[in-house]
Amino acid sequence: MLSLPSYIAGAAVVTDRWIDVFNPWNGEAVGRVAAIGNDQLHAAIEAHRAAHEPLTRYERGRILNEVRGLLEARREELARLITSESGLCLRETRYEVGRACDVFAFAAMEALRDDGQTFSCDISPTGKARKIFTLREPLSLVAAITPFNHPLNQVAHKLAPAVAAGAPVILKPSEKTPLSAVRLVELLYEAGLPGWMLSCIHGDLDVVTRPMIRDERVDLVTFTGSARVGKEIASTAGYKKTCLELGGHSPLIVLDDADLDLAARLACEGCFRNSGQRCTAVRRVMVQEGVVEEFTKRFLALAKTYLCGDPTSEAVLVGTVIDEAAAVGLEQAVQDAVNRGAKLLLGGQRRGAQLQPTVLADVPRDSTLGTCECFGPIAPIFAVRDLDDAIEYSNATPYGLSSGIVTRNLDLAIRAVKGIKAGTVNVNEIPGYRLELSPFGGVKDSGLGIKEGVIEAMKFMTTVKTFSLPW
Ligand SMILES: NC(=O)c1ccc[n+]([C@@H]2O[C@H](COP(=O)([O-])OP(=O)(O)OC[C@H]3O[C@@H](n4cnc5c(N)ncnc54)[C@H](O)[C@@H]3O)[C@@H](O)[C@H]2O)c1
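About the cut-offs
- Residues numbered from 1 in each chain as written.
- Predicted model: local features only at pLDDT ≥ 70, side-chain atom pairs only at ≥ 80, totals over all residues.
- Heavy atoms only, no water.
- 1 Å grid on protein atoms, 1.4 Å probe; cavity = no way out; pocket = protein on both sides within 12 Å on 5 of 7 lines; lining within 4 Å.
- Points joined across faces, edges and corners; volume = space filled by probe spheres on them.
- Helix = DSSP H or I, 4+ residues; strand = E, 2+ residues; numbered from the N terminus.
- Nonpolar A, V, L, I, M, F, W, Y, C, P; charged D, E, K, R; others polar.
- Domains from an automatic or database assignment.
- Buried < 20%, exposed > 50% of the residue type's maximum accessible area, 1.4 Å probe, protein only.
- Patch = residues over 30% accessible without salt bridge, like charges linked within 9 Å, V, L, I, M, F, W, Y side chains within 5 Å.
- Areas by Shrake-Rupley, 256 points an atom, 1.4 Å probe, with all protein chains shown as cover.
- Salt bridge = Lys/Arg side-chain N within 4 Å of Asp/Glu carboxyl O.
- Near = heavy atom within 4 Å.
- Polar contact = N/O pair within 3.5 Å; in protein donor to acceptor, adjacent residues only side chain to side chain.
- Sits in = over half its atoms within 2 Å of the grid points.
- Pairing = 2+ DSSP bridges.
- Axes fitted to C-alpha atoms, helices over the stretch in contact; angles between N-to-C directions.
- Contact = heavy atoms within 4.5 Å.
- Core = buried A, V, L, I, M, F, W, Y, C linked by side-chain atoms within 4.5 Å.
- Parallel < 35°, antiparallel > 145°, perpendicular 65-115°, else oblique.
- Left-handed = near helix turned anticlockwise from the far one by under 90°.
- Buried area = accessible area lost by both parts, 1.4 Å probe.
- Phe/Tyr/Trp six-rings, centres within 6.5 Å; stacked < 30°, edge-to-face > 60°.
- Right-handed = clockwise from strand over helix to strand, strands pointing away.

In this approach, a probe sized like a water molecule rolls over the atoms, and the result shows the empty space that is left. Considering only enclosed or pocket space, the largest pocket measures out at about 1,000 Å³ in volume. Considering the residues around the largest pocket, the lining is formed by 42 residues, among which K176, G225, S226, R228 and V229 are closest to the centre. Here the element with the most residues in the lining of the largest pocket is helix α8 (residues 227-236); it accounts for 5 residues. Taken together, the residues that form the lining of the largest pocket break down as 21 nonpolar, 12 polar and 9 charged. Per-domain counts for the lining of the largest pocket show at least three residues from each of domain 1 (2-246 + 447-470) and domain 2 (250-435). Of the pockets and cavities examined, the second largest pocket occupies roughly 510 Å³. Lining of the second largest pocket is provided by 27 residues; of these, R60, P138, A165, G166 and T462 occupy positions nearest its centre.

The subject of this paragraph is unusual backbone geometry. In this structure, N428 takes a positive phi of about 55 degrees despite not being glycine. Turning to its location among the elements, N428 is positioned in the loop between β22 (426-427) and β23 (443-444). Residue N428 is classed as partly exposed on the basis of its relative accessible area of 30%. Despite not being glycine, K444 shows a phi value in the positive range, around 55 degrees.

The next subject is a nonpolar patch on the surface. Residues L135, F467, L469 and W471 make up a contiguous nonpolar surface patch of roughly 400 Å² in combined accessible area. Mapped onto the secondary structure, W471 falls in the segment after β24 (462-470).

Within the structure, the ligand sits among 29 residues, and T146, E175, S226, L246 and E373 are positioned closest to it. T146 is positioned with one of its backbone polar atoms (N or O) 2.7 Å from an oxygen atom of the ligand. In the environment of the ligand, an oxygen atom lies 2.6 Å from a nitrogen or oxygen atom belonging to the side chain of S226. Burial of the ligand by the surrounding chains reaches 91%, relative to a free accessible area of 850 Å². A majority-of-atoms criterion places the ligand in the largest pocket. Residue assignment for the shell around the ligand shows that the elements contributing at least two residues are α7 (205-214), β11 (220-224) and α8.

Picture the strands of a sheet paired through backbone hydrogen bonds; they go either parallel or antiparallel. Spatially, β1-β5-β4 is the arrangement adopted by the 3 strands of the open sheet, whose pairing is mixed. At either end of the open sheet lies a strand with only one pairing partner, and these are β1 (2-4) and β4 (18-22). Adjacent strand axes in the sheet meet at a mean angle of 20 degrees when their direction is disregarded. Note: β4 against strand β5 (residues 29-34), 5 bridges, orientation antiparallel. Note on β5: the bridge partner recorded for F22 is A29. Each of β1, β4 and β5 touches helix α6 (residues 178-190); the most contacted strand, β5, lies at about 55 degrees to it.

So, about the nonpolar core. Of all hydrophobic cores here, the largest spans 63 residues; its most connected members are L64, L71, F104, L184 and L188. The greatest single-element share of this core, amounting to 10 residues, is contributed by helix α4 (residues 90-111). Discounting residues that sit within four places of it in the chain, L188 has contacts with I63, V67, F104, L159, V163, L193 and L198.

Attention shifts here to the packing of helix α3 (residues 75-86) against α4. Contact pair α3 / α4: the axes reach a minimum separation of 8 Å and the direction vectors enclose 125 degrees. Between α3 and α4, the angle is such that the two are oblique. Taken as a pair, α3 and α4 cross one another with a handedness that is right-handed. Note on element contacts: α4 touches α3 through L90, T93, R94, E96, V97 and G98, opposite R75, E76, L78, A79, R80, I82 and T83. Considered class by class, the residues forming the contact of α3 with α4 number 5 nonpolar, 3 polar and 5 charged.

Once that is clear, we can look at the sheet that holds strand β6 (residues 118-120). Judged by pairing direction, the sheet is antiparallel, and its 3 strands sit side by side in the order β6-β7-β24 without closing on themselves. What marks the edges here is a single partner per strand, and that holds for β6 and β24. Looking at each pair of strands side by side, their axes are set apart by 20 degrees on average, direction ignored.

Along its sequence, the chain is carved into domain 1 (2-246 + 447-470) and domain 2 (250-435). The C-alpha-based centres of domain 1 and domain 2 are spaced at 31 Å. Contact residues are listed per partner, giving 25 residues for domain 1 and 29 residues for domain 2. Together, the buried faces of domain 1 and domain 2 total about 2,300 Å²; carbon and sulfur atoms form 52% of this surface.

What follows deals with the packing of aromatic side chains. Within the structure shown, the criterion is met by 8 aromatic pairs. Judged by centre distance (5.3 Å) and plane angle (20 degrees), the ring pair of F133 and F467 falls under stacked. Taken as a pair, F133 in strand β7 (residues 130-138) and F467 in strand β24 lie far apart in primary sequence, 334 residues in all. For F133, a relative accessible area of 16% translates into the label buried. Residue classification places F467 among the partly exposed residues on the basis of a relative accessible area of 32%.

The subject of this paragraph is the pairing of β11. Burial within β11 is extensive, with 5 of its 5 residues counted as buried. Burial of the side chains of β11 extends over both faces: L220, T222 and T224 are buried on one face and V221 and F223 on the other. Judged from the 4 bridges that link them, strand β8 (residues 142-145) and β11 form a sheet pairing that is parallel. Counted as the bridge partner of I145 is F223 from β11. One ladder, built from 5 bridges, connects β11 with strand β12 (residues 241-245); its direction is parallel. If you follow F223 over to β12, its bridge partner there is L244. Following the chain from β11 across α8 to the adjacent parallel β12, one finds a crossover that is right-handed.

Encoded structure:
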């Protein structure tokens, strides 16, 4: 069993309080992390705020590249660690390590790019013979809080941009999946990142997390997680920047001209990948009335191939959800839909923390599945009259993270891009499709419109200084 410390500005800290981590598949203890106290939080904040010689762009790029190489070399070991702490199957966790490699590769590239602007002042009748320049300066301290569902990649999306921008960061990973986060932090130190650039802490909400969020010495709280917690942070963080990347309820709209084999494949991938635990997972499969029967037939045939079982088995495509309590909640949401008249076409059985991939038809729009983010491998099918009906229902939940539409008609696709109130609209792709570099983030209860993705995250971790020179 792994016993991992908290790291305060590079120094390993072990206390007499531990947070245990269990394997959701078999209940075995996988490891534990050391919880720190409030004094140690303050020591970390002071260590980061103290004066240090900044890292050059070259050094930041070199460290980030080195981390990418270390991740690649330890891909299998890390994938197995994530599988053991999260119950996600190896197909997903190997994929996740690959995504984290991309994040570090892109951050290394962006670290080298000077994004300063230059303005000639003689463009105005009253202008002078001057030039105005901009440069970006890193924030003094970033606090990053991450969720359980992509234990490594969500952490990569906080740490790599911070290092690329030169901003020191304190990471508080999910207490459900902290082990892979600590391993990633260790790789950053191994690659040569100085201790004053990074801490990784664990601890109680009222001892560590909330005090860190409220602390005036923290310039930015960057949070990925549920809308409930994100809204609490928005109200307690005070006068500082916040980046809130929250939950979603993404539709996949299938119009009657769609390639139905493609639609069935996208619906399966969108609903069942990562055990349905992606913020961008498809939560509503909206199918135009004329093709709903044929689509359902093809979708069901494919859904049956998503083998569910031991997450370490090579053949398994769907592992567990994060814990038994989460699986029980999903089972209740399925039951609620059935009680209200939905037809259960596939799955629905739960064993411990595992829910079989589940497909339901005729799901009422006001059911729990139709309105709330149910974080698991469930595919509720909703018949829609036409694109207008689909757009209206897409916009009817409080969320606005992402969406997808399957059609061969470009005019209709563009109407969807313009009409859906969400951070992303993907045509003939799953809502979750993205590059780790491209802007990503939601609106409404999914976020305040501040994007992540390496480039946007770097911008948000810096401030722009403007200066002018006679020319
Ligand atoms: N928009 C995105 O980019 C994105 C990406 C991944 C996950 N998510 C969302 O994350 C959620 C699933 O993750 P989760 O269950 O770990 O989320 P969560 O909100 O329960 O927890 C996220 C993190 O916040 C911490 N936390 C819990 N309560 C807190 C509080 N009161 N104050 C401060 N911190 C607190 C947790 O310890 C954890 O580190 C889903 O809603 C999912 O959609 C969003």
